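Chains, contacts and geometry: an overview
If you want the building blocks of each chain, they are given just below.
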Amino acid sequence: MTPAGDILVTLLTPQGKLKAVARGGVRGPLSSRLNLFHHVGMQVYQGPQNDLASVQQAVLEGALPTLAQPERYAFAHLLAEFAEALYQEGEFSEQAFELFAGALRGVAHQPDPEWVALVMSYKLLALAGFIPQTARCARCAQDHPTHPDPLGGQLLCGSCAALPAYPDPSLDFLRNVARRTVRASMDAPLPAEQRPALWRALERFVTVQIGSVHSWRQLVPTGTALSA
C-alpha cells in the first residue's frame, strides 16, 4: 500500500507480469475484485510520466474461495510467490499464465493439494528455464547420481553424498517431472513419506537459483517439514 492509501498489485497476464496501482485503497471500488488469486478482466492506463499503470476498471471473472482453507492457502501462496519471482514485467508468456492458473485451480479443487503444488512448482521453474541437474552429479559430474544435494537441491553421486539415496519413485519424479505432462504426474502421486525430501530439494534449488522465498515457512503447519 502506498502512503496515499492506494493498493499496489502484481498481475500475471497472458501478456506478461504487470505491476499497477488501484486508487482508493482497501475502501476503494476495486479492492474486492483485486484480492489474491482472483481471475479478473481489467482495463489499465499508464501515462507517459508514470512508472506504474493505474487500474481503471476490474471485472471479477472467477474466484477460488477454497484457497482460503488452511490446508490449501499455503501452497497457493507459494505458487504465487514463484510466479512473482520467475516472470518479468513485459515478458510475454501466455503459457506461464495458463500454467499458473491451472496450478491454482488444481490446488483449489484437487483432493491432494500438496501434490499439485509440488508438481506445478517444478513445472513453473522448468518453464522459466530452471531445471535441476539430474543426469550428472552436481559436484563431480559422474553419471546417474541418486543422492540428495543438501546445498543445491540437485543430485549427487555416492562418492560425493553424505545422505542416503532417494527411493526409486522419488528419483523418477526428479528426473522426469520437467518433461512429463502434468496429467501423467498427477496420475502417479508419490506417497506422503517421500515428499518432505522433495520439498527440501525444491527449497534449496530455488534459494540458490532464484533467491529467498518467504512462503516456505507457511508450509510447516501443513505437515510439510522443510528443515534439514
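Starting from 1, residues in each chain are numbered consecutively following that chain's sequence as written. For this predicted model, a pLDDT threshold of at least 70 governs which residues receive local features, and a threshold of 80 or more governs which side-chain atom pairs are given and counted, while totals over whole chains, interfaces and linings are taken from all residues. Where side-chain values are given, they derive from all heavy atoms of the structure, hydrogens and water being excluded.

Where we set the bar: UniProt positions are given in the numbering used here, feature names are shortened, and annotations may be inferred rather than shown by experiment.
The name recorded for the chain in an unreviewed UniProt entry is DNA repair protein RecO, from Deinococcus grandis. Looking at the Sequence similarities (unreviewed entry) heading of the UniProt record, one finds this comment for the chain: "Belongs to the RecO family."

**Here we look at the overall build of the chain**
To keep things clear, this is the line we draw: Under the DSSP-based scheme used, a helix requires at least four consecutive residues in state H or I and a strand at least two consecutive residues in state E, with every element numbered from the N terminus. Contacts are assigned to residue pairs that have any heavy atoms within 4.5 Å of one another. Only the protein chains shown count as covering a residue, and every accessible area follows the Shrake-Rupley method with a 1.4 Å probe.
When helices and strands are tallied, the chain shows seven helices and six strands. In sequence order, the chain lays out its α and β elements as β-β-β-β-α-α-α-β-β-α-α-α-α. Residue pairs at least 24 apart in sequence account for 58% of intrachain contacts in the chain once pairs closer than 6 positions are excluded. If you sum the accessible surface of the chain, you get close to 12000 Å²; carbon and sulfur atoms cover 53% of it.

**Focus on unusual backbone geometry**
The following threshold applies: Remark: exposure states derive from per-residue accessible area (1.4 Å probe, protein chains only) relative to the maximum for the residue type, with buried under 20%, exposed over 50%, and partly exposed in between.
With phi around 70°, Ala141 is a residue other than glycine that occupies positive phi space. Note on placement: Ala141 falls in the loop between α3 (113–127) and β5 (147–148). Judged by its relative accessible area of 44%, Ala141 is partly exposed. The phi torsion at His144 lies on the positive side, around 55°, for a residue other than glycine.

**Digging into the sheet that holds strand β2 (residues 16–22)**
The pairing of strands in a sheet happens through backbone hydrogen bonds and is either parallel or antiparallel. As a reminder of what qualifies: Here a strand pair is declared whenever DSSP counts at least two bridges between the two strands. Fitted lines through C-alpha atoms give the axes, limited to the stretch in contact for helices. The angle between two N-to-C directions lies from 0 to 180 degrees.
Judged by pairing direction, the sheet is mixed, and its four strands sit side by side in the order β1-β2-β4-β3 without closing on themselves. Of all the strands in the sheet, the pair left with one neighbour each is β1 (7–13) and β3 (39–45). When strand polarity is set aside, the average angle formed by the axes of neighbouring strands in this sheet is 40°. Where β1 and β2 come together, seven bridges link them in antiparallel fashion. Across the sheet, Leu11 pairs through a bridge with Leu18, a residue of β2.

**What to know about the packing of helix α1 (residues 70–86) against α3**
To be explicit about the condition: In what follows, roughly perpendicular refers to angles from 65 to 115 degrees, roughly parallel to angles under 35, roughly antiparallel to angles over 145, and oblique to any angle outside these ranges.
For the pair α1 and α3, interaxial distance at closest approach is 10 Å and the crossing angle is 5°. By the angle between their axes, α1 is roughly parallel relative to α3. Along its contact with α1, which presents Glu71, Arg72, Phe75, Leu78, Leu79, Phe82 and Leu86, the element α3 presents Pro113, Glu114, Ala117, Met120, Ser121, Leu124 and Leu125.

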